[in-house]
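Observations on the three-dimensional arrangement
If you want the building blocks of each chain, they are given just below.
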Amino acid sequence: MKRADVFEFFRRLAEANPHPETELESGNIYQLLVAVVLSAQATDAGVNKATRRLFAEVKTPAQMLALGEEGLREHIKTIGLFNAKAKNVIALSQALVDRYGGEVPADREALEQLAGVGRKTANVVMNVAFGAETFAVDTHIFRVGNRTGLAKGKTPLAVELKLEKVVPQPFRLHAHHWLILHGRYICKARKPECWRCPVTDLCAFRPKTPAPAAPPSKAAAATAP
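Okay, so let's go over this structure. (Residues numbered from 1 in each chain as written. Predicted model: local features only at pLDDT ≥ 70, side-chain atom pairs only at ≥ 80, totals over all residues. Heavy atoms only, no water.)

To continue, consider helix H5 (residues 82-100). End to end, H5 covers 25 Å across 19 residues, agreeing with the expected 27 Å (1.5 Å per residue, within 8%). Every buried residue belonging to H5 is among Lys85, Ala86, Val89, Ile90, Leu92, Ser93, Ala95 and Leu96, and all of these are buried. Against helix H2 (29-38) and helix H4 (61-76) lie the buried residues of H5. Remark: Gly101 follows H5 within two positions and exhibits a positive phi of approximately 60°. (Helix = DSSP H or I, 4+ residues; strand = E, 2+ residues; numbered from the N terminus. Expected span 1.5 Å × (residues − 1). Buried < 20%, exposed > 50% of the residue type's maximum accessible area, 1.4 Å probe, protein only. Contact = heavy atoms within 4.5 Å.)

If you want it as structure tokens, here you go:
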């Protein structure tokens, strides 16, 4: 995709959604970190459903440790891989208490040292909580980057590094949110909805998915032989 097309690509996404936000619910940076860890291989809606009651009770790493692993499991048992995630959340909470006085560090490398926190999770926290211009490549961004030709790569890291190079200002801060939402609601995995895509003419995907045929009206159906 040409540089001018990349700018126009994000200009249109920004025009459609000027203030994109994560769909994960949280009340502070620690809760955001926990929510992102829990969201691996799970939907944001499923995580939010599980964490609403949890986050009403637990707002700090110390409170999470007081709840304990068994108590946490009860809250998140509807989420996939909840046993492993509960262990990781307890472990990262202990590390935050021991190393950082209960605060979440504003450093990607430090975040990646926490249990259950990979590069994608660290990038999300750095972006949402601390305003860093990071690109958290999940399955949606990986698909959109490759399918559109915006940022092709065989691995999430390759797509991330490509986005680092091509995404221009003033779009860098919110770029990963626009791409996630675009992949979640329009550029879907099984069948992209090209007929309602605001950037379809800039996209390399072929053939474009046509609009679904409209069902016959009641009047037409009534007069049909």
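Back to the text.
Counting buried residues in helix H8 (residues 139-148) gives seven out of 10 residues, a clear majority hidden from the surface. Elements that come into contact with the buried residues of H8 comprise helix H1 (3-16), helix H9 (156-166) and helix H10 (175-185). In this structure Asp138 caps H8, since a side-chain oxygen of it lies 3.1 Å from the backbone nitrogen of His140. A positive backbone phi angle near 90° is found at Gly149, which sits one or two residues after H8. (Polar contact = N/O pair within 3.5 Å; in protein donor to acceptor, adjacent residues only side chain to side chain.)

Before going further, it helps to spend a moment on the packing of H8 against H10. Relative orientation of the contacting elements H8 and H10 amounts to 85°, with a least axis distance of 8 Å. Taken together, the axes of H8 and H10 are roughly perpendicular relative to one another. Each of His140, Ile141, Arg143 and Val144 in H8 lies in contact with H10, whose residues at this interface are His176, Leu179, Ile180, His182, Gly183 and Arg184. (Axes fitted to C-alpha atoms, helices over the stretch in contact; angles between N-to-C directions. Parallel < 35°, antiparallel > 145°, perpendicular 65-115°, else oblique.)

The next point concerns the nonpolar core. Grouped together as the largest cluster of nonpolar side chains are 34 residues, with contacts concentrated most on Tyr30, Leu33 and Met64. Counting only elements with at least two residues in this core, the list comes to H2, helix H3 (44-57), H4, H5 and helix H7 (119-130). When residues of this core are assigned to their parent elements, the largest contribution, eight residues, is made by H2. In this structure, Tyr30 is in contact with Val58, Lys59, Thr60, Pro61, Met64, Val89, Leu92, Ser93, Leu96 and Val104, ignoring residues within four places of it in sequence. Membership of the second largest hydrophobic core comes to 24 residues, among which are Ile141, Ile180, Cys187 and Val199. (Core = buried A, V, L, I, M, F, W, Y, C linked by side-chain atoms within 4.5 Å.)

Moving on to the state of the cysteines. For the structure on display, the rule yields zero disulfides. Residue Cys194 stays outside any disulfide, its sulfur separated by 6.4 Å from that of Cys203, the closest cysteine. Taking the relative accessible area as the measure of exposure, Cys194 reaches 9% and is therefore buried. No disulfide involves Cys197; its sulfur sits 6.5 Å from that of Cys203, the nearest cysteine. (Disulfide = S-S within 2.5 Å.)

Before going further, it helps to examine unusual backbone geometry. Cis geometry marks the peptide bond from Gln169 to Pro170, where omega comes out at 5°. Examined against the element boundaries, Pro170 turns out to sit in the loop between H9 and H10. With an omega of -5°, the peptide bond running from Arg206 to Pro207 counts as cis. A positive phi angle is found at Gln41, which is not glycine, with a value near 55°. Its place among the elements puts Gln41 in the loop between H2 and H3. Non-glycine residue Leu81 carries a positive phi angle of around 60°. Looking at the secondary structure, you find Leu81 in the loop between H4 and H5.

The subject of this paragraph is the pattern of salt bridges. Inspection of the entire model under this criterion finds 15 salt bridges. For Arg108, the salt bridge identified is with Glu160, shortest N-O distance 3.6 Å. With Arg108 in helix H6 (residues 108-112) and Glu160 in helix H9, the pair connects residues that are 52 residues apart, well separated along the chain. Of the charged contacts in the structure, one is a salt bridge between Glu193 and Lys188, with a shortest N-O distance of 2.9 Å. The exposure class of Glu193 is buried, given its relative accessible area of 14%. It is possible to trace a salt-bridge network through shared partners that takes in Glu8, Arg11, Arg12, Glu15 and Asp201. (Salt bridge = Lys/Arg side-chain N within 4 Å of Asp/Glu carboxyl O.)

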